[in-house]
Amino acid sequence: MKRLLLLVLSLACADLSLAQNQETDGPIIRNLYNQALTQQQGYKWLKELTDIGPRFAGTAQANQAVFRFKEILDSLGFETQLQEVTVPVWQRGPQETAAYSFGTGALKIGLNITALGGSVPTPEEGLKGEVVEITNFDQLDSVDLEGKIAFFNIPMDPTFIRTFYAYGSAVTQRWAGAVEASKRGAIGVVIRSLSSSINDYPHTGSMTYEGAPYKIPAAALSTKGAEELSKALATSGGSLRLEYTIQSAWQDSTTSYNLIADLPGTEKPNEYVLIGGHIDSWDLGTGAHDDGAGSMHAMHAAHLLKSQNLGLKRTLRLVFFMNEEFGLTGAKAYARQAKADGIKHVIAFESDGGGFSPRGISMVAPDTVVAQIRALRPLLEPYGIHRFGVGGAGADINQIAAEDVVLIGMRPDSHRYFEVHHSARDVFENVNARELEMGSATMAAFLYLLDKYDIVVQP
Ligand SMILES: [Zn+2]
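Per chain, the residues get numbers from 1 upward, laid out in the order the sequence is written. It should be noted that, the model being predicted, local features are given only for residues of pLDDT at least 70 and side-chain atom pairs only at 80 or more, the latter also being counted only at that level, while totals for whole chains, interfaces and linings use all residues. Note that water and hydrogens are dropped before the side-chain values are worked out from all heavy atoms of the structure.

Trainee: Explain the overall build of the protein to me, using residue names and the numbers behind them.
Mentor: A tally of helices and strands in the protein yields twelve helices and 16 strands. Here the globule rule reads 2.2 Å times residues to the power 0.38, and the radius of gyration is calculated from C-alpha atoms. Radius of gyration (C-alpha) of the protein: 24 Å, near the 23 Å computed for a compact globule of 459 residues. Summarising its shape, the C-alpha atoms of the protein cover approximately 80 × 55 × 40 Å along the three principal directions. We call two residues in contact when some of their heavy atoms are within 4.5 Å. Considering only contacts in the protein between residues 6 or more positions apart, those separated by 24 or more positions represent 83%. Per-residue accessibility takes into account occlusion by the displayed protein chains alone, with areas from the Shrake-Rupley method and a 1.4 Å probe. Surface summary for the protein: the accessible area is close to 19,100 Å², and the carbon and sulfur share equals 52%. For the purpose of charge, His is not counted, nor are the chain termini; Lys and Arg are scored as positive and Asp and Glu as negative. Where a charge sits is defined by one atom per residue type, namely NZ (Lys), CZ (Arg), CG (Asp) or CD (Glu). Counting 39 positive and 51 negative side-chain charges, the protein places the centres of these two groups 4 Å from one another. Secondary structure elements follow DSSP: runs of H or I of four or more residues count as helices, runs of E of two or more count as strands, with numbering from the N terminus.

Pasting the structure below:
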């Protein structure tokens, strides 16, 4: 009986605190969304960012973006600093071509292709060879790749609801395709682009030669091209020849920057709530979704809190990480420096999943904190925020992972993300202003609530 009474009491208390939350926090959160959707300031900044062009680490445009956004953040009253980062320099060549033919002398049929980031070039006259298709990783030990071009054609599994899992299960062909193929004597490797739809845009991304006996040119065909090559192979009786040219080059590493912008906390300025995204992008598009959108989510969230006088108790630190795409060097440099300086992070919230409608978050945190964050759900559900998952959060903030840091990743709708990801289609025109700004306001709302209710790992 006593236990039942306690249960009823605690339920009543939970209801009461929720009712109070709705009354006091509801309008504050509503105002954040109202301002974001009305002013669309994040969308305007995204236009300015993408107008600079592709921001591949090591390029002048990447640095230009950092300098320009430092100016803007200075003018908004943030305390800004640049943090030096040494970045590797790799450049795509001006010409990338591919064609297949049924035997020598036969008609050549062109395919769209692009070098994977970090690949060595082909010989000037192109690389030519017989093609061997690999449709799953288990096949690797039974195919003869000696002197041939390996063609990894492993589609993203369409049955995953969250496309990031499909990406994760297929990305090995891109990351390690050159290693596995060269171990078996291949002279080159081409992969099927990691795209969730059939389209004619090749998608690039990072790759490795670590563990490879020698370096072979690695490139991605569009999904449409991969399907076509696969069909041609099936009808060729196994005598299909592929030739491709990529002109990429490695150069000496150079200096770039992380951009850090602080809004000092009102009560605990020595504790940091980090928010951010990566300011660099791949070179084929202008990184509007990846990760211009995430960077603008964070910048606009900070601006929303500031302009509505919702100053946090702890210092809100916005970080635009440099070079997430090509080795995470910015995030690693940030983590090293933060450790040396004894910076105490309590929360790190990253957005690097695109600018589509936000659906929720995923967290890396102790169970008690996860439960506290899940209790916020009724306040955010009116805005379509329903996912409160546990698992990864983000590649950049992962570098400062620790038991006493709550890691949070923004989780937008992912159905269209891999149609644009790392391709020439990742441009401003493919970002929807309302969807983007829902993300900005969502991040701001979480920051406000986490701060107000002190949802951190208690010492
Ligand atoms: Zn990204």
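Trainee: An account of the packing of aromatic side chains is requested, with residue identities and associated values reported.
Mentor: Centre distance within 6.5 Å is the pairing criterion for rings of Phe, Tyr and Trp, where only the six-membered ring of Trp is used; planes under 30 degrees apart are then read as stacked, over 60 as edge-to-face, and the remainder as tilted. Evaluation of the coordinates by the stated rule reveals 19 aromatic pairs. For the ring pair Tyr33 and Tyr383, a centre distance of 3.8 Å and an interplane angle of 0 degrees mean the geometry is stacked. Placement of the pair is Tyr33 in helix H1 (residues 2-39) and Tyr383 in the loop between helix H10 (377-380) and strand E15 (387-390), with a sequence separation of 350 residues. The residues Tyr33 and Tyr383 share a single accessibility class, namely buried. Taking the centre distance of 4.6 Å and the plane angle of 25 degrees together, the rings of Tyr167 and Phe418 count as stacked. Taken as a pair, Tyr167 in helix H4 (residues 163-170) and Phe418 in helix H11 (residues 417-420) lie far apart in primary sequence, 251 residues in all. Summarising the burial analysis for this pair, Tyr167 and Phe418 share the class buried. Taken together, Phe56, Trp90, Trp250, Trp282 and Phe326 form an aromatic cluster joined through their ring pairs. Cation placement over rings: the criterion is NZ of Lys or CZ of Arg within 6 Å of the ring centroid and within 35° of the ring normal. Between the NZ or CZ atom of Lys47 and the centre of the ring of Phe428, over which it lies, the distance is 6.0 Å. In this scheme, a residue with accessible area under 20% of its type's maximum is buried, one over 50% is exposed, and one in between is partly exposed, where area comes from a 1.4 Å probe on protein chains only.

Trainee: Pulling in residues and values, what's your account of the sheet that holds strand E7 (residues 188-192)?
Mentor: Paired through their backbone hydrogen bonds, the strands of a sheet run either parallel or antiparallel. Whether two strands pair depends on DSSP finding at least two bridges between them. The sheet built from eight strands is open, its strands ordered E3-E2-E9-E5-E6-E7-E8-E4 with mixed pairing. The open sheet is flanked by strand E3 (109-111) and strand E4 (113-115), the only strands paired with a single partner. The mean inter-strand angle of the sheet, taken between neighbouring strand axes irrespective of direction, is 35 degrees. One ladder, built from four bridges, connects strand E5 (residues 127-134) with strand E6 (residues 149-152); its direction is parallel. Of the residues in E6, the one forming a bridge with Val131 is Ile149. As a rule, the C-alpha atoms of each element are fitted with a line to give its axis, helices using only the stretch in contact, and angles between N-to-C directions run from 0 to 180 degrees. Packing against the sheet, helix H5 (residues 172-183) makes contact with E6, E7 and strand E8 (218-221), and its axis sits at approximately 155 degrees to E7. Running at roughly 20 degrees to strand E2 (residues 97-102), helix H6 (residues 223-236) makes contact with E2, E3, E5, E6, E7, E8 and strand E9 (240-245) of the sheet.

Trainee: Mind laying out the coordination of the zinc ion, listing which residues take part and the relevant values?
Mentor: Around the zinc ion, the protein supplies His278 (NE2), Asp290 (OD), Asp352 (OD) and Asp352 (OD) as donor atoms, at distances of 1.9 to 2.7 Å. Here the zinc ion binds four donor atoms, and the angle range of 52 to 147 degrees at the metal identifies the geometry as irregular. Only N, O and S atoms count as donors, using a 2.8 Å cut-off from the metal and 3.2 Å for Na, K and Ca, and because water is excluded some sites may appear unfinished. For the zinc ion, all donor residues lie on one chain, and their spacing in sequence is H-x11-D-x61-D. One end of the pair, His278, is in strand E11 (residues 268-278); the other, Asp352, is in the loop between strand E13 (344-350) and strand E14 (358-364), with 74 residues separating them in the sequence. His278 gets classed as buried once you look at its relative accessible area, which sits at 0%. Here the metal geometry follows the donor angles, with tetrahedral for four donors whose angles all fall between 85 and 135 degrees, square planar for four and octahedral for six when opposite donors are more than 155 degrees apart and every other angle is between 65 and 115, and irregular for all the rest.

Trainee: Just give me the short version of H6, but keep the residues and values in it.
Mentor: Helix span, as expected, comes to 1.5 Å for every residue beyond the first. Between its first and last C-alpha, H6 extends 20 Å over 14 residues, near the 20 Å set by a 1.5 Å rise per residue. Residues of H6 that are buried: Thr223, Gly225, Ala226, Leu229, Ser230, Ala232, Leu233 and Ser236. Remark: Gly237 follows H6 within two positions and exhibits a positive phi of approximately 70 degrees.

Trainee: Talk me through the packing of helix H2 (residues 41-51) against helix H7 (residues 288-307); I want residue IDs and the actual numbers.
Mentor: In the contact formed by H2 and H7, the axes pass within 9 Å of each other and the chain directions differ by 135 degrees. With respect to their mutual orientation, H2 and H7 come out oblique. Note that H2 runs across H7; the crossing there is right-handed. Judged by residue contacts, Gln41, Gly42, Trp45, Leu46, Leu49 and Thr50 of H2 engage Ala288, Gly292, Ala293, Met296, Met299, His300 and His303 from H7. Polar here means any residue outside two lists: the nonpolar Ala, Val, Leu, Ile, Met, Phe, Trp, Tyr, Cys and Pro, and the charged Asp, Glu, Lys and Arg; Gly therefore counts as polar. Residues of the contact of H2 with H7, tallied by class, amount to seven nonpolar, six polar and no charged. Every angle not falling under 35 degrees, over 145, or within 65 to 115 is termed oblique; those three ranges are roughly parallel, roughly antiparallel and roughly perpendicular. Should the near helix be turned anticlockwise from the far one by less than a right angle, the crossing is left-handed, and should it be turned clockwise, the crossing is right-handed.

Trainee: Quick rundown of the sheet that holds E13? Include the residues and the values.
Mentor: With respect to topology, eight strands assemble into an open sheet ordered E1-E10-E12-E11-E13-E16-E14-E15, the strand pairing being mixed. Of all strands in the sheet, those with a lone pairing partner are strand E1 (79-91) and E15, marking the two edges. Neighbour-to-neighbour, the strand axes of the sheet open up by a mean angle of 20 degrees, direction not taken into account. Strands strand E10 (249-263), E11, strand E12 (314-321) and strand E16 (406-412) of the sheet are contacted by H7, whose axis makes an angle of about 145 degrees with E11. In the packing of helix H9 (residues 367-374) onto the sheet, contacts are made with E14, E15 and E16, and the angle to E15 comes to roughly 170 degrees.

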